[in-house]
Amino acid sequence: MSANLFRHLLSIEDLRREDIENLLAHAAAHKRRRTAGLSEKTLQNKIIANVFFEDSTRTRTSFEIAAKSLGANVINWTTRGTSVSKGETLLDTVRNLDAMGPDVMILRHSSSGAAFLISSVVKASVINAGDGQHEHPSQALLDAFTLSQGLGTLEGKTIAIVGDIFHSRVARSNILCLLRLGAQVIVCGPPTLLPAGIEAIGCSSTRDLDSVLEKVDAIMALRVQLERQSEAHYPSAREYTRLWGVTVARAAKLKPSAIILHPGPINRGVELASEVADGPRSRIMNQVEDGIAMRMAILEACA
Amino acid sequence: MTDTILIRRGKLLDPRNGVKGVRDVLVRGGVVAEVSERALSVTGAESIDATGKWIFPGFVDLHVHLREPGEESKETVQTGCQAAVAGGFTSIVAMPNTRPVNDTAFITKFVVLRAEEANLCRVFPAGAISKGLLGTELAEMGELVRAGCVCVTDDGQPVMNASLMRRALLYAKTFDIPVMVHEEDLALAGQGTANEGAMGTRLGLAPVPKSSEVAMVARDIVLAEETGGRLHIAHVSCAASVQLIREAKRRGIAVSCEATPHHFTLTDAALDRYNTNAKMKPPLRDSSDVEAIRQGLADGTIDAIATDHAPHGVLDKHVEFDKAANGIVGLETALPLALEGVKAGWLTVDRMVELFTSGPAKAFRLAGGHLSVGAPADLTVVDLDDQWKVNAQRFRSKSRNTPFDGRTVHGRVARTMVGGRTVFQLNVPTET
């Protein structure tokens, strides 16, 4: 594996098809080695800093395990107990952390463009672990890995992404990634959650989930945020589920080979029926497992 | 310094008086004494050779944020005026969203005093519509006008309460001043930071739908019609707004409006790479809106080019996009950007000068904007062919927040005069 394929991984938008296919191939190799119980400490003595301004269960732990599997030292920085409470800015925080010499900074932040912003001021390589509503490239890459493991080549396949596209960085990264791999992407959800000009990215859109069930090879369900009803983009969780939930009945209408993904965390019973989340079509746990292998590939490419 | 100045052989363009051609302009005692087609010879006059250059009436900017009192690190009345005269502006209207807000005569008089101390361009304060810009109670408009305010606005904020807006339009009739509005329905705009469209979606930025401006333009046109008050719409950004204003004017409603150079030059494509120097309210829109703004400027629907000069420091702009302050400086780049329109053919040089001079002066009924005999000698001498590169580090403004840094442009102010006194000369260091 050549060192430093990229300096940073900020967005899928920056990646070409061959970059993505390269990462998929390396992820597959890591997965095989892990399954065989082998490990290569290619990042021995490197310092990987998780710099998380937002909560995370999967991503942070996944990057930590991936880094440690490669022999690296990992720092886990979150805002709790830090000078962010004293008003220290993002840029000052990362400049200070960068001065301590990490090789890689993995940033999750609530502002779109945050990873790009810090990449211009730090010496470390920057991996975007989610910036506002913009992108979550490592999620899309691991999703592509799980999809390809389940479906073979993604060229010509049809993938539906269902849910709150508007607020979803996972959706944006996935749309870009899947299109680059030659798949067709359909986004689906209430019109209030489909952002303006989404089709300019190259996907199609529909409000009618039932109309696409028979043609998709996979459905990626996204978490819907059940918050403040006065600003709600749909009147109730019940209505959302009835119209756009991946229910048992809908799952039954899919092609026999079709699979189901979700980046987590799941609102069981809302965007995804519990039985479907745990059922035979679900690849959700595979996503989590594949995330380690893909993040190992990403770290090797950047560190 | 002599009282008599002869500006020789410049190409005078004075739209209000229908003058366009080579003239000698004689200034005496601070006013235009004579405008002559034939060359003059005046003993004892200071002679300024303007051969090959244009002479325009000094520009009038209806929308400038001078930041004083309260945010002097970004700009002061002094530095703002220095930037203005460097850009060819001899009259500017100072926005009231200072700290404290200009909602009392005290603040108005302070701004007037600071402008007198700067002794550069004329500064006409704008007073607040509502106390503290809080949008609930009318400020004492009479007191503000008596202290020197030429209009009222809550700029920076919309007037969300329609009843307050209606009362402002009615009450302002007492003083025959325009009510200037920042059109933004806050409920529709929400947390938005970028135009609702493919670019904002791609960048993951919260959208500002066009309706947030257009719906308020519609509301205020209705209120202007009903009250008979004078409405001035600030920084128009949407095609649909231009169309509504066009129709309102056709119906004889007293509405005027302005557009900024950035809204006729840039689209939301300028947001690429999260450029916070492309972040402002209203946001940069798409190409169909830019087209409509250009059409509106050319056909008279839009009365004035106004910069909405909004200085901000590095700390306010070199941050996450959603946290960055809104606005860019504009006084020193307005003329060359407008000239790009002349070069591209959607604007004539005559119409451009109207938009900088007689148009804004007329909208606010300000003195100035023309070079009639007897008028104060407020003028700017411009070299339209001068090619230069915008260099933010050399701005006279204290602030550098512009998306145009490094842009190669044509057309530059060589000299600006206010009341016959040279207040700016290119390549002559500014006295502090």
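Since the model is a prediction, treat every value here as computed from it, not as a measurement. (Residues numbered from 1 in each chain as written. Chains lettered and ligands numbered in written order. Predicted model: local features only at pLDDT ≥ 70, side-chain atom pairs only at ≥ 80, totals over all residues. Heavy atoms only, no water.)

(A) Layout of the overall build of chain A. Broken down by element type, chain A carries 10 helices and nine strands. What you see for chain A is a C-alpha radius of gyration of 19 Å, in line with the 19 Å of a compact globule of 303 residues. For chain A, buried positions account for 56% of its 303 residues. For chain A, long-range pairs separated by at least 24 residues make up 73% of all intrachain contacts whose partners lie at least 6 apart in sequence. (Helix = DSSP H or I, 4+ residues; strand = E, 2+ residues; numbered from the N terminus. Rg over C-alpha atoms; globule rule 2.2 N^0.38 Å. Buried < 20%, exposed > 50% of the residue type's maximum accessible area, 1.4 Å probe, protein only. Contact = heavy atoms within 4.5 Å.)

(B) Focus on the overall build of chain B. Assigned secondary structure in chain B consists of 14 helices and 18 strands. Reported as C-alpha extents along the three principal axes, the dimensions of chain B are approximately 65 × 50 × 45 Å. For chain B, the accessible surface area stands at approximately 15,900 Å², while carbon and sulfur atoms represent 49% of it. Taken together, the 48 basic and 52 acidic charged side chains of chain B have centroids lying 2 Å from each other. (Areas by Shrake-Rupley, 256 points an atom, 1.4 Å probe, with all protein chains shown as cover. Lys, Arg positive; Asp, Glu negative; His and termini not counted. Charge placed at Lys NZ, Arg CZ, Asp CG, Glu CD.)

(C) Spotlight on the interface of chain B and chain A. Tallying the contact residues gives 17 residues for chain B and 22 residues for chain A. Of the roughly 1,500 Å² buried where chain B meets chain A, counting both sides, 60% is carbon and sulfur surface. When the shortest N-O distance is used, the salt bridge between Glu 13 of chain A and Arg 202 of chain B registers 2.4 Å. At the surface where chain B touches chain A, the tally comes to seven residue pairs in polar contact (both at pLDDT 80 or more). Take the side of chain B that touches chain A: its biggest share by element is four residues, from helix H6 (residues 198-203) of chain B. Tallied by class, the residues present in the side of chain B that touches chain A amount to seven nonpolar, four polar and six charged. (Buried area = accessible area lost by both parts, 1.4 Å probe. Salt bridge = Lys/Arg side-chain N within 4 Å of Asp/Glu carboxyl O. Polar contact = N/O pair within 3.5 Å; in protein donor to acceptor, adjacent residues only side chain to side chain. Nonpolar A, V, L, I, M, F, W, Y, C, P; charged D, E, K, R; others polar.)

(D) Examining the sheet that holds strand S3 (residues 104-109) of chain A more closely. Residue and element names in this part refer to chain A. Ordered in space as S2-S1-S3-S4, the four strands form an open sheet in which the pairing is parallel. Every interior strand has two partners, whereas the edge strands, strand S2 (73-78) and strand S4 (125-131), have only one. Taken over all neighbouring pairs, the strand axes of this sheet differ in orientation by 15 degrees on average, direction set aside. For S3 and S4, the ladder comprises five bridges, and the chain directions are parallel. Looking at S4, one finds that Val 104 is bridged to Ser 125. Against the sheet, helix H3 (residues 90-98) engages strand S1 (47-52), S2 and S3, with an angle of about 160 degrees to S3. (Pairing = 2+ DSSP bridges. Axes fitted to C-alpha atoms, helices over the stretch in contact; angles between N-to-C directions.)

(E) Quick look at the packing of aromatic side chains. By the definition in use, this model includes 11 aromatic pairs over all chains. With a centroid separation of 6.1 Å and an interplanar angle of 25 degrees, the aromatic rings of Phe 56 of chain B and Phe 59 of chain B are classed as stacked. Residue class for Phe 59 of chain B comes out buried when judged on its relative accessible area of 0%. Look at Phe 59 of chain B and Phe 89 of chain B: their rings are 5.6 Å apart centre to centre, the planes differ by 75 degrees, and that puts the pair in the edge-to-face class. Remark: Phe 89 of chain B occurs in strand S7 (residues 89-94) and Phe 59 of chain B occurs in strand S6 (residues 59-64); sequence separation between them is 30 residues. Side by side, Phe 59 of chain B and Phe 89 of chain B carry an identical accessibility label, which is buried. Clustering of aromatic rings is evident, with ring pairs tying together Trp 54, Phe 56, Phe 59, Phe 89 and Phe 356 of chain B. Directly above the ring of Phe 63 of chain A sits Arg 295 of chain A, whose terminal nitrogen or CZ lies 4.9 Å from the centroid. (Phe/Tyr/Trp six-rings, centres within 6.5 Å; stacked < 30°, edge-to-face > 60°. Lys NZ or Arg CZ within 6 Å of the ring centre and 35° of its normal.)

(F) Region of the structure containing the sheet that holds strand S7 (residues 204-206) of chain A. Residue and element names in this part refer to chain A. With parallel pairing, the five strands of this open sheet are ordered in space as S7-S6-S5-S8-S9. Bordering the open sheet on either side are S7 and strand S9 (259-261), each of which pairs with just one other strand. Strand after strand, the sheet turns through a mean of 25 degrees between neighbouring axes, direction not considered. Pairing analysis gives four bridges linking strand S5 (residues 158-162) to strand S8 (residues 218-221), with the strands arranged parallel. Counted as the bridge partner of Ile 161 is Met 220 from S8.

(G) Looking closely at helix H4 (residues 162-172) of chain B. Residue and element names in this part refer to chain B. Those residues of H4 that fall on the buried side of the exposure criterion are Leu 164, Met 165, Ala 168, Leu 169 and Ala 172. All buried residues of H4 project into a common sector of 135 degrees when viewed along the axis, lining one side. Buried residues along H4 sit against helix H3 (141-147), strand S10 (179-181), helix H7 (211-227) and strand S13 (231-233). (Arc of directions from axis to C-beta.)

(H) Structural view of unusual backbone geometry. Residue and element names in this part refer to chain B. Following Glu 68, the chain continues to Pro 69 via a peptide bond in cis, the omega torsion being 5 degrees. Here Pro 69 lies in the loop between S6 and helix H1 (77-86). Looking along the chain, the bond that leaves Arg 99 and enters Pro 100 is cis, with omega of 5 degrees. In this fold, Pro 100 is placed in the loop between S7 and helix H2 (105-118). Even without a glycine there, the phi angle at Asn 119 is positive, about 55 degrees. In this fold, Asn 119 is placed in the loop between H2 and strand S8 (122-127). You will see that Asp 176, though not glycine, has its phi angle at about 55 degrees, which is positive. Within the secondary structure, Asp 176 is located in the loop between H4 and S10.

(I) Just helix H8 (residues 239-250) of chain B, in detail. Residues and elements named next belong to chain B. With 12 residues, H8 extends 17 Å between its outermost C-alpha atoms, agreeing within 8% with the 16 Å of an ideal straight helix rising 1.5 Å per residue. What H8 keeps buried is the set Ser 241, Val 242, Ile 245, Arg 246 and Ala 248. Each buried residue of H8 lies within a common arc of 165 degrees when the element is viewed along its axis, so the set occupies one face. Trailing H8 by a residue or two, Gly 252 shows a phi angle of about 85 degrees, which is positive. (Expected span 1.5 Å × (residues − 1).)

(J) Structural detail: the pattern of salt bridges. Using the criterion set out here, one finds 38 salt bridges over all chains in the structure. Beyond isolated ion pairs, a larger network of salt bridges with shared partners links Glu 71, Lys 74, Arg 99 and Asp 316 of chain B.

(K) Structural context of the nonpolar core. Residue and element names in this part refer to chain B. Phe 56 and Met 352 are the most contacted members of the largest nonpolar core, which totals 85 residues. Here the element with the most residues in this core is H1; it accounts for six residues. Non-local contacts of Phe 56, meaning those with residues more than four positions away in its chain, are made with Leu 13, Val 349, Met 352, Val 353, Leu 371, Leu 379, Thr 380, Val 382 and Leu 384. (Core = buried A, V, L, I, M, F, W, Y, C linked by side-chain atoms within 4.5 Å.)

(L) Up close: the side chain of Asp 24 of chain B. Residues and elements named next belong to chain B. Here Asp 24 lies in strand S2 (residues 19-28). In this structure Asp 24 comes out as buried when scored by relative accessible area, which is 1%. For Asp 24, the side chain forms a polar contact with the side chain of Arg 9, separated by 2.9 Å. Residues in contact with Asp 24, not counting those within four places in the same chain, are Leu 6, Ile 7, Arg 8, Arg 9, Glu 34, Val 35, Ser 36, Arg 38, Ala 39 and Leu 40.

(M) Just the pairing of S2 of chain A, in detail. Residue and element names in this part refer to chain A. Bridge analysis of S1 against S2 gives six bridges, and the strand direction is parallel. Note on S2: the bridge partner recorded for Ile 47 is Asn 73. Between the parallel pair S1 and S2, the chain is carried across by helix H2 (residues 58-69), and the sense of this crossover is right-handed. (Right-handed = clockwise from strand over helix to strand, strands pointing away.)

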